[in-house]
Amino acid sequence: LEPTAFAQHRPVRLGVLGDTGKVAAAVTDRLSSTADFQPARLRTAELADRIARERSWSGLPYEDMGTADRMDPRTVTIAFDQALPDQRIVVPDGGNFTGYPAMFFSVPDHKGYCFTQAFQSIGLGIASSIGASLADRTRTVICGVGDGGFMMSCNELDTAVRNHLPLIVVVYNDSAYGAEIHHFDPEGPARDMVTFPETDIAAVARGLGCDGVTVRNREELEQAVAVAASQPERTKPLVVDAKITSFPSWVLLAHAAGAMK
């Protein structure tokens, strides 16, 4: 309907201006009346094989970008995904890290994912996970949050502690507002306003009455996963301070690639 919308996001060689439904119907009628028209068949054996092989992100290979004291966020997420109960509700906060809970935490059904970003605001994940846990005590609630969003809203954990909610809060701690780091052109605005000093988030969580563990390497990851898997015996939140490496997730990858050009 909008002439100015052509080629805003993708190259367009031929633009058709018109009401979407009417144009689609007209094109269908025209093609159907053509004798040699054969509609494309999407259900092929090759596609079925690809879906079977690639239906889970966890099964696809990737280059682990962890270092001696920071973990690849994909490796962290996959480890918790495999260890925690299948009956769960995943609650992501906002940021570059959001791509990892979305990709690697599986959910059992449409009630297993609680999206918190309708207002495009970070810091809503913990409060939303408290609501999800109170709404359904039968499921494990997993909150994925960045360190920036966590420090904005960690006081919400006091409510979770008072209500004895065994939340799993995975903090993707890259010592920065990750989205802004990757949005900013390296030659553009200074980044000192969106990078943070080292913060002991596990200690902050323990001060609020939660269990708090830090993950910097695979040994600590295994220990944290074992603690998380003991959820049936826990009566308070577990906060995992996952020190992660930072690179654009799929949420920002296209934008970051454009900025680098």
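Analysis parameters
- Residues numbered from 1 in each chain as written.
- Predicted model: local features only at pLDDT ≥ 70, side-chain atom pairs only at ≥ 80, totals over all residues.
- Heavy atoms only, no water.
- Patch = residues over 30% accessible without salt bridge, like charges linked within 9 Å, V, L, I, M, F, W, Y side chains within 5 Å.
- Areas by Shrake-Rupley, 256 points an atom, 1.4 Å probe, with all protein chains shown as cover.
- Salt bridge = Lys/Arg side-chain N within 4 Å of Asp/Glu carboxyl O.
- Helix = DSSP H or I, 4+ residues; strand = E, 2+ residues; numbered from the N terminus.
- Buried < 20%, exposed > 50% of the residue type's maximum accessible area, 1.4 Å probe, protein only.
- Axes fitted to C-alpha atoms, helices over the stretch in contact; angles between N-to-C directions.
- Parallel < 35°, antiparallel > 145°, perpendicular 65-115°, else oblique.
- Left-handed = near helix turned anticlockwise from the far one by under 90°.
- Contact = heavy atoms within 4.5 Å.
- Nonpolar A, V, L, I, M, F, W, Y, C, P; charged D, E, K, R; others polar.
- Core = buried A, V, L, I, M, F, W, Y, C linked by side-chain atoms within 4.5 Å.
- Pairing = 2+ DSSP bridges.
- Polar contact = N/O pair within 3.5 Å; in protein donor to acceptor, adjacent residues only side chain to side chain.
- Disulfide = S-S within 2.5 Å.
- Phe/Tyr/Trp six-rings, centres within 6.5 Å; stacked < 30°, edge-to-face > 60°.

1. Focus: a nonpolar patch on the surface
So, point 1. A contiguous nonpolar patch, built from Phe6, Val12 and Leu17 and spanning about 260 Å² of accessible area, is present on the exposed surface.
So, point 2. Residue position: phenylalanine 6 is located in the segment before α1 (20-32).
So, point 3. The exposure class of phenylalanine 6 is partly exposed, given its relative accessible area of 34%.

2. What about the packing of helix α3 (residues 73-83) against helix α10 (residues 218-229)?
So, point 1. The interhelical angle for the contact between α3 and α10, taken along N-to-C directions, is 30°, at an axis separation of 10 Å. When the axes of α3 and α10 are compared, the pair comes out roughly parallel. Pair α3 / α10 crosses with right-handed handedness. Listed contacts from α10 to Thr75, Val76, Ala79, Phe80 and Ala83 of α3 are Arg218, Leu221, Ala224, Val225, Ala228 and Ala229.
So, point 2. When the residues that make up the contact of α3 with α10 are grouped by side-chain class, the tally is nine nonpolar, one polar and one charged.

3. Concerning the nonpolar core
So, point 1. With 26 residues, the main nonpolar core has Val76, Phe80, Tyr172 and Leu221 as its most contacted residues.
So, point 2. Elements supplying a minimum of two residues to this core: α3, α4 (99-104), β3 (168-173), α10 and β5 (238-243).
So, point 3. In contact with phenylalanine 80, not counting residues within four places along its chain, are Phe105, Leu221, Ala224, Val225, Ala228 and Val240.
So, point 4. In terms of nonpolar packing, the next biggest core, distinct from the first, is built from 21 residues, Leu165, Val169, Ile201 and Cys210 among them.

4. Structural notes on the sheet that holds β3
So, point 1. Taken in spatial order, the five strands line up as β1-β2-β3-β5-β4 in an open sheet, and their pairing is parallel. The open sheet has two edge strands, β1 (88-92) and β4 (211-215), and neither has a second partner. Recorded for the sheet is a direction-independent mean angle of 15° between the axes of neighbouring strands.
So, point 2. Examined bridge by bridge, strand β2 (residues 140-146) and β3 share five bridges and lie parallel to one another. By the bridge assignment for β3, glycine 144 is matched with valine 170.
So, point 3. Sheet contacts for α3: β1, β3 and β5; angle to β3, the most-contacted strand, approximately 170°.
So, point 4. Relative to β2, helix α5 (residues 125-135) is tilted by about 175°, and along the sheet it contacts β1 and β2.

5. So, the environment of aspartate 81
So, point 1. With respect to the helices and strands, the residue aspartate 81 is situated in helix α3.
So, point 2. Between the C-alpha atoms of aspartate 81 and serine 106, which are 25 residues apart in sequence, the distance is 6.9 Å.
So, point 3. Leaving out residues up to four positions away in the same chain, aspartate 81 has contacts with Ser58, Arg88, Phe104, Phe105 and Ser106.

6. Details of the pattern of salt bridges
So, point 1. One pass over the full model with this rule turns up 14 salt bridges.
So, point 2. With its nearest N and O atoms 3.0 Å apart, the salt bridge here joins glutamate 220 to arginine 216.
So, point 3. What makes arginine 216 partly exposed here is its relative accessible area of 36%.
So, point 4. A single salt-bridge network, built from bridges that share partners, covers Asp49, Arg50, Arg53 and Glu54.

7. Observations concerning the side chain of threonine 245
So, point 1. You can see threonine 245 is positioned in the loop between β5 and α11 (250-260).
So, point 2. Residue class for threonine 245 comes out buried when judged on its relative accessible area of 12%.
So, point 3. Separated by 3.4 Å, the side chain of threonine 245 and the backbone oxygen of methionine 65 make a polar contact.
So, point 4. In contact with threonine 245, not counting residues within four places along its chain, are Met65, Gly66, Thr67, Arg70, Met71, Asp72 and Pro73.

8. What to know about the state of the cysteines
So, point 1. This model, assessed by the stated rule, comprises zero disulfides.
So, point 2. Between cysteine 143, a cysteine without a disulfide, and cysteine 114, which holds the nearest cysteine sulfur, the sulfur-to-sulfur distance is 9.5 Å.
So, point 3. Cysteine 143 gets classed as buried once you look at its relative accessible area, which sits at 0%.

9. Things to note about the packing of aromatic side chains
So, point 1. Under the definition given, this model contains four aromatic pairs.
So, point 2. Relative to tyrosine 172, the ring of phenylalanine 97 has its centre 5.3 Å away and its plane inclined at 20°; by these criteria the two rings are stacked. Taken together, the residues phenylalanine 97 in the loop between β1 and α4 and tyrosine 172 in strand β3 connect sequence positions 75 residues apart.
So, point 3. One aromatic cluster in this structure is built from Phe97, Tyr100, Tyr172 and Phe247.

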